[in-house]
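Below, each chain spelled out in residue letters.
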Amino acid sequence: MAKEAASDVRDAGAEADGPRPGHRPSLWRQRDFMLLWSGQTVSEMGSAVAQVALPLVAVVALKASTFQVGLLTAATTLAFALIALPAGALVDRGSKRTIMIVCDVLRLLIIGSVPLAAAFGSLTMAQLYAVAVAAGVCTVFFDVSYQSYVPSLISADHLMDANGKLGTTQAFAQLGGPSLGGGLVGLFGAAGAMTADAISYGVSVLSVFGIRTREEPPSARGADQTLRSQIAEGLRFVLRHEILRRIVACTATANLFSGMSMALTMVFLVRVLHVRPALTGLVMAGAAIGGIAGGVLAGRLAEKVGSARVIWVSMLVFSAPQVVAAAAWRGWGVLLYPLGSGIAYFAGMVYNVAQLSYRQSVTPPELMGRMNAAVRWVVWGTLPVGGVLGGALGTLIGVRPALWLAFTGAWAAGWFVFLSPLRHLRDVPQLAPDSSPVATS
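The notes below deal with the structure included here. (Residues numbered from 1 in each chain as written. Predicted model: local features only at pLDDT ≥ 70, side-chain atom pairs only at ≥ 80, totals over all residues. Heavy atoms only, no water.)

## Focus on the overall build of the protein
- Helix and strand content of the protein: 13 helices and zero strands.
- Traced from its N-terminal end to its C-terminal end, the protein shows the element sequence α-α-α-α-α-α-α-α-α-α-α-α-α.
- Here the contacts in the protein between residues at least 6 apart in sequence split such that 87% fall between residues at least 24 apart.
- On the protein, roughly 18,200 Å² of surface is accessible, and the fraction owed to carbon and sulfur atoms is 66%. (Helix = DSSP H or I, 4+ residues; strand = E, 2+ residues; numbered from the N terminus. Contact = heavy atoms within 4.5 Å. Areas by Shrake-Rupley, 256 points an atom, 1.4 Å probe, with all protein chains shown as cover.)

This is how it looks when you write it as structure tokens:
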């Protein structure tokens, strides 16, 4: 990936006189990164449990319709469409570590309200929608801060490694979390299983609180730098950068169709394939094996295929067989679903590690939050649209035909990055030592 040859960011845990030239201490020996990583491992596991439990609360406990489940899926990502841009500007103005801690505390309380309401017999779809939206708002601020905080803990040449490890954690959570969620649903009911997600945010709070490294304070704002002007600056940086612009288009399109498949997955498994609710997590967990492999192999594939080339190869070549998931049938045919989803997870993980590392490398620190927010505003903003579209199409044309469309559309998104300057490059050129990353038109 493109990297700044000279970085102003010191490795966490490095000696006071700085690392020796050419010395690259392993991330395993960097205390603050390990704290962040371990906290996120637990938090991601809890979120993976909720990924199974929340729609099951709607489907099983509240007898929600296909369209209502689609709306619930859309509600979980609605905040990215509404507040991601101002969130990025606000994150760049303040302490990212503090924002992450506050968001985790709030999510603990918000998610914890679901099992509490269920225990008193007062849980409704209206509360689930409210919980999904409120937790989504916190997730917006946390994720923008999180992606912008990682480069302040490690040097630029560790970004691919760090993002690969964090991505592997997310995929591992998708492997273990759904099966754990299915087991918890069987033991405590869908609403009771949400308690695991609430507790995981408490663990994340403790891990982030223990990080010693402090990020550089934000630079002073000029009198003419309003919130609106700062938002516009972040958008201009992304939209004027030719490669970033294509990456955003690719990711947004893939997420639109992924939102469709996410909204339909639980309905497809339970009502079409007749998988028992307690076993849905196990089926979904099988798909996450591909994500783990993608996170582990992303760096090696970038070296062999090329750090620029792997961005489009992962989307158009690696992900092509994912469409077999929509062909799953009852009985042993159910295995086609985790197979196709596993391929999608593998390709998506390789793509995400590569494009995220590239984004972090070419963005100036003072624009990091706004860049991440601008990208997330677009690429996550399509998820709720996909959720609503999935629910609507699943109702109108049937769940299986809608899934065929969703998986095919996610694959076709790769043409955006193929038809870009990346197609002519093997590796993203490194910046000169005295260069600053600037947007290109």
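We are not done yet, so read on.
## Some details on the nonpolar core
- With 79 residues, the main nonpolar core has Leu36, Leu128, Ile154, Tyr337 and Leu403 as its most contacted residues.
- Top contributing element to this core by residue count: helix H5 (residues 159–209), with 13 residues.
- The residues touching Leu128, leaving out its near neighbours within four places in the chain, are Leu54, Val57, Ala58, Leu62, Leu72, Val114 and Leu123.
- Ala89, Met160, Met371 and Phe418 belong to the second largest nonpolar core, which has 42 residues in total. (Core = buried A, V, L, I, M, F, W, Y, C linked by side-chain atoms within 4.5 Å. Buried < 20%, exposed > 50% of the residue type's maximum accessible area, 1.4 Å probe, protein only.)

## A short note on the environment of Ala249
- In this fold, Ala249 is placed in helix H7 (residues 242–272).
- With a relative accessible area of 23%, Ala249 lands in the partly exposed category.

## Some points on a nonpolar patch on the surface
- A surface patch of nonpolar side chains, amounting to about 400 Å² of accessible area, comprises Val102, Val105, Leu106, Leu108 and Leu109.
- Looking at the element boundaries, Leu106 is found in helix H3 (residues 96–119).
- Leu106 gets classed as partly exposed once you look at its relative accessible area, which sits at 40%. (Patch = residues over 30% accessible without salt bridge, like charges linked within 9 Å, V, L, I, M, F, W, Y side chains within 5 Å. Salt bridge = Lys/Arg side-chain N within 4 Å of Asp/Glu carboxyl O.)

## Digging into the pattern of salt bridges
- All chains considered together, the criterion is met by three salt bridges.
- The shortest N-O distance in the salt bridge between Arg31 and Asp32 comes to 3.0 Å.
- By relative accessible area, Arg31 is classed as partly exposed at 36%.

## Here we look at the environment of Thr41
- Structurally, Thr41 can be placed in helix H1 (residues 31–61).
- Judged by relative accessible area, which is 26%, Thr41 ranks as partly exposed.
- Sequence separation between Thr41 and Phe172 is 131 residues, and the spatial gap between their C-alpha atoms is 8.4 Å.

## Comments concerning the environment of Val270
- Along the polypeptide, Val270 turns up in helix H7.
- Excluding anything up to four places from it in sequence, Val270 contacts Val275 and Thr280.

## What about the side chain of Asp104?
- Topologically, Asp104 is positioned in helix H3.
- Asp104 has contacts with Phe142, Tyr201, Ser204 and Val205, leaving out every residue within four places of it along the chain.

## Let's talk about the packing of aromatic side chains
- In this structure the tally under the stated criterion is eight aromatic pairs.
- Between Phe268 and Tyr337, the ring centres sit 5.8 Å apart and the planes meet at 40 degrees, which makes this aromatic pair tilted. Taken together, the positions of Phe268 in helix H7 and Tyr337 in helix H10 (residues 336–362) put the pair 69 residues apart, joining distant regions of the chain. In this structure, Phe268 and Tyr337 share a single accessibility class: buried.
- Taken together through their ring pairs, the aromatic side chains of Trp312, Trp411, Trp415 and Phe418 make up a single cluster.
- Directly above the ring of Phe209 sits Arg97, whose terminal nitrogen or CZ lies 5.5 Å from the centroid.
- Across the ring face of Phe142, the terminal group of Arg107 is positioned such that the distance to the ring centre comes to 4.6 Å. (Phe/Tyr/Trp six-rings, centres within 6.5 Å; stacked < 30°, edge-to-face > 60°. Lys NZ or Arg CZ within 6 Å of the ring centre and 35° of its normal.)

Functional significance is not addressed by these values, which are geometric in nature.
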